[in-house]
Amino acid sequence: MNKDSKPHDGGSTTRAQFATRLGVIATTVGSAVGLGNIWRFPYEAGSHGGGAFMLCYVFFIFIIGIPVICAEFIMGRGTHSNIIGAYRKLAPGKPWYWAGYMGILASILILSFYSVVAGWTLEYFIQSVSGNLDLGSTAAFHDRFESFASSNYRPALFALLFLAVNYLILRRGVTAGIERMSNILMPVLFLLLLIFCINSLMMPGADEGLRFLFKPDFSAITPTVLLGAMGQAFFSLSLGLGCMATYASYFNHRTQLARSATLTASLDTLVAVLAGVMIFPAVFTFGFSPSAGPTLVFEVLPSILHSLPGGIVWSSLFFFLLILASLTSTISMSEISIAFIIEEKKMDRRKATALNTCVAMVLATLCALSFGCLSGMTIFGMTLFNLFDYLSSNILLPLGGMVCSFFVGWIADRAFVRSQLTNGGTLRLRAMRVIIFCIRWIAPVCIAIVFLNSIGFIN
Ligand code: PHE
């Protein structure tokens, strides 16, 4: 972003913009890459049969993900508004903007459970630095995590601490600092992932792990796997809730939307695949169960880090970078409602940020406790943590993405859409027809099929 890079200066009407092309990519990739890739992807893949899930996931990223990112980019950059304002500007007087409210709801739900996992990361970072993570056996790592997550106050405390840091960054609008830092540090995270992958590939369980992740068993592709993979694609790309649209509202007229969308999706997928290659060989080497669920990565990671010489340094660095990657994601999901409150409700940035944080703090505490004293409280058989995760990723995001691509494909002015994709006709975009076709037909129809399939409507 420009020097005074507050996305909003409360009251001022000139909106800030990302200054460079690298700035655009760094922020969108910063939003996309986070716990979704390193924590959620391995656990979802592990509980949905590995290869079958992976195949569907990559398929959805390219066939649905990229077109929907383009659709969100078009809405955001074309209107320079928050998500609700964007729907309102493009279809005045029509109720489409309700999809924007759905996105805001999803962003709050995600922020709540996400900060719990970020809190776990914080705890593991502190434990690493203080040398307490150097356990011996697999069972010890498992027990350690169990007893930590189910203890009542520490996980809640760390989630709140994380939200407080998120608040402090967003309140000042100093996201530029974070962006600059993440420009430098994300490549380091990437490098670390590569090193850990190589380490994992030398483990005795590497073959089995890779086979699990990359060899699809087609008979394992069930409606549940399809829905899970689609949800993961949306979650990982920060898609379907207006996050990419909100960021695109800070793009300038030269940003090439289709190219940025493809680059963001490709880098994000690469990180997820690397995380898989890092985790699964270790899962089989150390005898963990791949379908352990949300706790999987936090049990496996310490054993990977432990197996490296100088484990404490590696693990401290890794958890630190993971916290940073989580922050660039939570900043982006908070920005959706903050931009909305500032622009539509005319509140100043500080109050808007405080409001967003307070709501998230209450819900995050409940999510954290759902591994401890609230573990018996279930809705549709799910704890609050799992419910928020399932509801947002598998239902709200794909639904939001479906509405958005339908809206851009069929409701928004055609000339407007074309001009956004080609930067007012100055770009010769050979793939334009394909992109528009995917936005109009492929994305909404595919999402609808997966939904109908998962509720048993079509087989
Ligand atoms: N994509 C982020 C991740 O993978 C999570 C996220 C979801 C961020 C929705 C913003 C909005 O960690």
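Our subject is the structure that appears above.
Residues numbered from 1 in each chain as written. Predicted model: local features only at pLDDT ≥ 70, side-chain atom pairs only at ≥ 80, totals over all residues. Heavy atoms only, no water.

S.K.: Before we move on, can you summarise the site of the ligand with the specific residues and values?
M.R.: Taken together, 16 residues surround the ligand, and among them A32, G36, Y114, F235 and S238 come closest. G36 is positioned such that a nitrogen or oxygen atom in its backbone is 2.9 Å from an oxygen atom of the ligand. Within the backbone of S236, an N or O atom sits 3.1 Å from a nitrogen atom of the ligand. Elements that contribute at least two residues to the shell around the ligand include exactly α1 (21-32), α2 (35-47), α5 (98-129), α10 (223-236) and α14 (311-345). Considered class by class, the residues forming the shell around the ligand number eight nonpolar, eight polar and no charged. (Near = heavy atom within 4 Å. Polar contact = N/O pair within 3.5 Å; in protein donor to acceptor, adjacent residues only side chain to side chain. Helix = DSSP H or I, 4+ residues; strand = E, 2+ residues; numbered from the N terminus. Nonpolar A, V, L, I, M, F, W, Y, C, P; charged D, E, K, R; others polar.)

S.K.: Pulling in residues and values, what's your account of the environment of M230?
M.R.: Relative to the elements of secondary structure, M230 occurs in helix α10. When the C-alpha positions of M230 and D389 are compared, they lie 13 Å apart, and in sequence the two are 159 residues distant. Apart from residues lying up to four places away in sequence, M230 is in contact with F60, I64, P398, I447 and V450. (Contact = heavy atoms within 4.5 Å.)

S.K.: Can you tell me about the nonpolar core, naming the residues and giving the values?
M.R.: With 156 residues, the main nonpolar core has W39, M278 and F318 as its most contacted residues. When near neighbours in sequence (up to four residues on either side) are disregarded, M278 contacts I38, L193, F196, C197, S200, L301, I304 and F318. (Core = buried A, V, L, I, M, F, W, Y, C linked by side-chain atoms within 4.5 Å. Buried < 20%, exposed > 50% of the residue type's maximum accessible area, 1.4 Å probe, protein only.)

S.K.: Please set out the packing of helix α13 (residues 296-306) against α14 residue by residue, giving values where relevant.
M.R.: Relative orientation of the contacting elements α13 and α14 amounts to 140°, with a least axis distance of 9 Å. The orientation of α13 relative to α14 falls into the category oblique. Of α14, the residues touching α13 (which contributes F298, L301 and L305) are G311, W314, S315, F318 and F319. Of the residues assigned to the contact of α13 with α14, the class counts are six nonpolar, two polar and no charged. (Axes fitted to C-alpha atoms, helices over the stretch in contact; angles between N-to-C directions. Parallel < 35°, antiparallel > 145°, perpendicular 65-115°, else oblique.)

S.K.: Account for the packing of α2 against α10, with residues named and values stated.
M.R.: Between two packed helices, what matters for the description is the angle formed by their axes and the separation of those axes. Running from N to C, α2 and α10 cross one another at 180°; their axes reach a closest spacing of 11 Å. By the angle between their directions, the pair α2 and α10 is classed as roughly antiparallel. Packed against α2, whose contacting residues are G36, N37, R40, F41 and E44, the element α10 presents G228, Q232, F235 and S236 at the interface. Grouping the amino acids of the contact of α2 with α10 by side-chain chemistry returns two nonpolar, five polar and two charged.

S.K.: Describe the side chain of T28, listing the residues and the values that go with them.
M.R.: Mapped onto the elements, T28 comes out in helix α1. Among the polar contacts listed, one links the side chain of T28 to the backbone oxygen of I25, at a separation of 3.3 Å. Every residue in contact with T28, bar those within four places of it in the chain, is listed here: F73, M244, Y247, F251 and T264.

S.K.: Can you break down the packing of aromatic side chains residue by residue, with the values?
M.R.: What the rule picks out here adds up to 36 aromatic pairs. Ring plane angle 50° and centroid distance 6.2 Å describe the contact between F41 and F53, whose orientation is recorded as tilted. Taken together, the residues F41 in helix α2 and F53 in helix α3 (residues 51-79) connect sequence positions twelve residues apart. Classification of F41 by relative accessible area gives buried; the value is 0%. When its relative accessible area of 0% is taken as the criterion, F53 is described as buried. A cation sits over an aromatic face here: R88 above Y97, 4.3 Å from the ring centre. Here the basic side chain of R440 rests over the ring of W410, its NZ or CZ set 3.9 Å away from the ring centre. (Phe/Tyr/Trp six-rings, centres within 6.5 Å; stacked < 30°, edge-to-face > 60°. Lys NZ or Arg CZ within 6 Å of the ring centre and 35° of its normal.)

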